[in-house]
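Observations on the three-dimensional arrangement
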Amino acid sequence: MDRRDFVRACATTALACAIDPSVFSKAIAQTQGMVKTFSRAPLLTQDGKPLRESQIQPHKNYIFFYPYVSTPCFLINLGEEVSAQEVKLKSGQSYRWPGGVGSKKSIVAYSAICAHQWSYPTKQYSFINYYPPNKPSDTTKRAGIIQCCAHLALYDPKAGGAILDGPAEAPLAAILLEEKDGQIFATGVIGRDQFNEFFENAKQELRQQYGSSAKAREQVDKCVVQEIEKYVQSVVMC
Ligand code: FES
């Protein structure tokens, strides 16, 4: 970028920030690598039809894979409006999570890879799960949270995946969603996604399941959504 382009880019950003301050946070997050854009992938039912907002039941834990074929995400309808929030990292950096989508702004999505040591839902078991308001954790007595039973990391799905308690050093990365005419699309990831650490750590399992590391890293252009119990044999709640 030459100097003239740089000045023009600064002026454009300043104008956008004056109109909408959230643009500023987004711009900072982008500068710091907190936002990654991937394919605009429609969320689909298991029979390949567009998943309608009305089909996402409140407080049910759904799973889909995005932005890679092997990276699981939670889709949750929190049943109430969830507004945009500033999410802080331990480094002091922060980024603005845009909140829920849909007619009630209640639908959110997060990477289901624990930000502590990358526990994730496999076909056999899932130690990391959403605990709906009527099903508190036996161990922490908390509800309405995402909890990982591996070492009890707790994340807040109403606050961009912020850390509530436990050993995680970073919030859960959030999946950016977009709703258009009742249909929902995944468009990117915001936060510290840790996909590289996950690919490295789960290398053997991913090779077994997908045939090679390269295949496990293929990006998706659509996402089939299913209830977590249909994908995982043993959903471990603790
Ligand atoms: S891997 Fe999830 S808490 Fe440690």
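Residues numbered from 1 in each chain as written. Predicted model: local features only at pLDDT ≥ 70, side-chain atom pairs only at ≥ 80, totals over all residues. Heavy atoms only, no water.

Scanning the protein chain from terminus to terminus reveals six helices and 16 strands. Buried residues in the protein chain amount to 47% of all 238 residues. When contacts within the protein chain are restricted to residue pairs at least 6 apart in sequence, those whose partners lie at least 24 apart make up 61%. Surface accessibility of the protein chain: about 11900 Å² in total, with carbon and sulfur atoms responsible for 49%. (Helix = DSSP H or I, 4+ residues; strand = E, 2+ residues; numbered from the N terminus. Buried < 20%, exposed > 50% of the residue type's maximum accessible area, 1.4 Å probe, protein only. Contact = heavy atoms within 4.5 Å. Areas by Shrake-Rupley, 256 points an atom, 1.4 Å probe, with all protein chains shown as cover.)

What follows covers the environment of C148. Inspection of the secondary structure assignment puts C148 in strand β9 (residues 145-148). A relative accessible area of 2% places C148 in the buried class. Residues C148 and S126, spaced 22 residues apart in sequence, show a C-alpha to C-alpha distance of 8.7 Å. Apart from the residues lying within four places of it in its own chain, the contact partners of C148 are C114, S119, F127, I128 and A153.

Our focus in this paragraph is the state of the cysteines. This model, assessed by the stated rule, comprises one disulfide. Free of any disulfide, C73 has its nearest neighbouring cysteine sulfur in C223, separated by 7.2 Å. In this structure C73 comes out as buried when scored by relative accessible area, which is 0%. The exposure class of C223 is buried, given its relative accessible area of 1%. (Disulfide = S-S within 2.5 Å.)

Turning next to the pairing of strand β6 (residues 107-111). Here β6 lies mainly inside the structure; five of its five residues are buried. Residue alternation in β6 divides its side chains into two sets, I107, A109 and S111 and V108 and Y110, and both sets are buried. As paired strands, strand β3 (residues 72-77) and β6 are joined by five bridges and run antiparallel to one another. Bridge pairing links C73 to S111 in β6. (Pairing = 2+ DSSP bridges.)

If you trace the backbone, I113 turns up in the loop between β6 and β7 (125-126). Judged by relative accessible area, which is 3%, I113 ranks as buried. Placed 81 residues apart in sequence, I113 and Q194 show a C-alpha to C-alpha distance of 8.3 Å. With residues near it in sequence (within four places) discarded, I113 still touches T71, P72, W118, S119, Y120, L172, F195 and F198.

For the rest of this paragraph, the subject is the confidence of the model for the protein chain. Summarising the model, the protein chain shows a mean pLDDT of 89, and 87% of its residues fall at 70 or more. Segment residues 1-31 is flagged for pLDDT under 50; beyond a separation of four residues in sequence, or across chains, it makes 13 contacts in the model. (pLDDT = per-residue confidence, 0-100.)

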